[in-house]
Amino acid sequence: MKITIWGCRGSIPSPGPETTFYGGNTSCVSLETAESFIVLDAGSGIRRLGMELANRPRIDIFLTHLHLDHIQGLGFFAPLYDLDAEIHIWGCASLTESLRSRLTRYLSPPIFPVRIRDFKSKLLIHEIGREGFMLNDLQVVSDYVSHPSPTLGLRFCAENKIFTYIPDHDPVLGLPNSLADPHWISGFGLAKDADLLIHDAQYTREEYEEHLGWGHCSIEDALKFAELAKVKKLLLFHHDPNRSDEEINALHKKHINQNDSQMEISFAKEGESYIL
């Protein structure tokens, strides 16, 4: 599995001289195997990814949820306009409205000038919830995680390697002792024994206390969650849009120096790739 970061910023794109190192694009990650090409979320980072793709007979896009920072780049994804491309979009099921209908709220005037029906590719939309299935050479497990609006976390397994993607997640829910029992922790089964976990870490401990109920995780709680799940490498993700490169570097240095576990820790950076 090859995992590449195309956008790791949270909430809103934040381009500028103070974010050039870690990047200002919102959530988008690609996962490539011998038989599959997966796109995780369609934040603003998906535009550049689409410009680099050519001659892909099939692309699967998994949307963890439909908050704007995770779908705002979808209409700018070049393969959607390719007659020869087959695109599969996977996202949360709903009891009241289809995924296609919910996506149409964004992909239609006056918000966006192009409608879903105008895409030239062969487009198929799939609704998923808590389940597991095979997708070519990948075993996929999806489950709901704690975040406002229906939100999925995703686990991918291939060749005895595990990659977990939980970009928007509050496993603590404002309760200081909620990480005590794994059976009650949102997303724990998805992250357990992962070789690589990409996880929400938008806030510092102090910032988290000021944003209770917003559905995002503190860096400190992300570390505890990953350690409890026995993750080998943790990639901290969904950087706050107000966080500069200099501030992220300082946080990286602080938590690397304090890390006394065997787990490898890093902050996600646009353009970086990881091979499992």
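For the structure, check the block above.
Please read all numbers here as calculations on a predicted model, not as lab measurements.

(A) Looking closely at the overall build of the chain. Of regular secondary structure, the chain possesses six helices and 14 strands. Its C-alpha atoms give the chain a radius of gyration of 18 Å, near enough to 19 Å, the size a compact globule of 276 residues would have. Oriented by its inertia axes, the alpha-carbon framework of the chain measures out at about 50 × 40 × 35 Å. Counted over contacts in the chain with a minimum sequence separation of 6, partners at least 24 positions apart contribute 66%. For the chain, the exposed area adds up to about 12500 Å²; of that, 53% sits on carbon and sulfur atoms. In the chain, which carries 26 positive and 38 negative side-chain charges, the distance between the mean positions of the two groups comes to 4 Å.

(B) Focus on the sheet that holds strand β7 (residues 131–135). Taken in spatial order, the seven strands line up as β7-β8-β9-β10-β11-β12-β13 in an open sheet, and their pairing is mixed. Looking at the sheet topology across the chains shown, the edges are occupied by β7 and β13 (264–267). On average, each strand axis in the sheet is tilted by 20 degrees relative to the strand beside it, whichever way the strands run. Sheet analysis places strand β12 (residues 233–237) next to β13, joined by four bridges and oriented parallel. When the bridges of β13 are listed, leucine 235 appears paired with serine 266.

(C) Representation of the environment of histidine 199 within the structure. When you line up the elements, histidine 199 lands in strand β11 (residues 196–200). Of the residues examined, histidine 199 reaches a relative accessible area of 0% and is grouped as buried. Through-space distance from the C-alpha of histidine 199 to that of leucine 53 is 26 Å; in sequence the pair is 146 residues apart. Among all residues touching histidine 199, those that are not within four sequence positions of it are Ile166, His169, Pro171, Cys217, Ala222, Phe225, Leu234, Leu235, Leu236 and Phe237. A polar contact is formed between the side chain of histidine 199 and the side chain of histidine 169, at a distance of 2.8 Å.

(D) Region of the structure containing the pattern of salt bridges. Scanning the model with the defined rule gives 12 salt bridges in all. Of the charged contacts, one joins lysine 232 and aspartate 195 as a salt bridge, the two residues approaching to 3.6 Å between their closest N and O atoms. Of this pair, lysine 232 sits in the loop between α5 (219–228) and β12 while aspartate 195 sits in the loop between α3 (188–191) and β11, and the two are 37 residues apart along the sequence. Looking at lysine 232, the relative accessible area reads 48%, which means it is partly exposed. Using a relative accessible area of 11% as the deciding quantity, one classes aspartate 195 as buried. Measuring nitrogen to oxygen at the nearest pair gives 2.8 Å for the salt bridge that ties glutamate 207 to arginine 243. Placement of the pair is glutamate 207 in helix α4 (residues 205–209) and arginine 243 in the loop between β12 and α6 (245–258), with a sequence separation of 36 residues.

(E) Structural detail: the layout of surface pockets. The calculated volume of the largest pocket comes to roughly 160 Å³. Looking at the largest pocket, it is lined by 14 residues, and the ones nearest its centre are Val172, Leu175, Pro176, Arg205 and Asp221. Element by element, the count of residues in the lining of the largest pocket is highest for α4, at three residues. Here the residues of the lining of the largest pocket are counted per class, giving seven nonpolar, three polar and four charged.

(F) Quick look at the sheet that holds strand β1 (residues 2–7). Taken in spatial order, the seven strands make up an open sheet running β6-β5-β4-β3-β2-β1-β14, and their pairing is mixed. Edge positions in the open sheet fall to β6 (122–128) and β14 (273–275), since each of these has one partner strand only. Neighbour-to-neighbour, the strand axes of the sheet open up by a mean angle of 20 degrees, direction not taken into account. Strand direction decides the pairing type here: strand β3 (residues 37–40) and strand β4 (residues 58–62), joined by three bridges, are parallel. Note that in β4 the partner of valine 39 across the bridge is isoleucine 61.

Rules behind the numbers
- Residues numbered from 1 in each chain as written.
- Predicted model: local features only at pLDDT ≥ 70, side-chain atom pairs only at ≥ 80, totals over all residues.
- Heavy atoms only, no water.
- Helix = DSSP H or I, 4+ residues; strand = E, 2+ residues; numbered from the N terminus.
- Rg over C-alpha atoms; globule rule 2.2 N^0.38 Å.
- Contact = heavy atoms within 4.5 Å.
- Areas by Shrake-Rupley, 256 points an atom, 1.4 Å probe, with all protein chains shown as cover.
- Lys, Arg positive; Asp, Glu negative; His and termini not counted.
- Charge placed at Lys NZ, Arg CZ, Asp CG, Glu CD.
- Pairing = 2+ DSSP bridges.
- Axes fitted to C-alpha atoms, helices over the stretch in contact; angles between N-to-C directions.
- Buried < 20%, exposed > 50% of the residue type's maximum accessible area, 1.4 Å probe, protein only.
- Polar contact = N/O pair within 3.5 Å; in protein donor to acceptor, adjacent residues only side chain to side chain.
- Salt bridge = Lys/Arg side-chain N within 4 Å of Asp/Glu carboxyl O.
- 1 Å grid on protein atoms, 1.4 Å probe; cavity = no way out; pocket = protein on both sides within 12 Å on 5 of 7 lines; lining within 4 Å.
- Points joined across faces, edges and corners; volume = space filled by probe spheres on them.
- Nonpolar A, V, L, I, M, F, W, Y, C, P; charged D, E, K, R; others polar.

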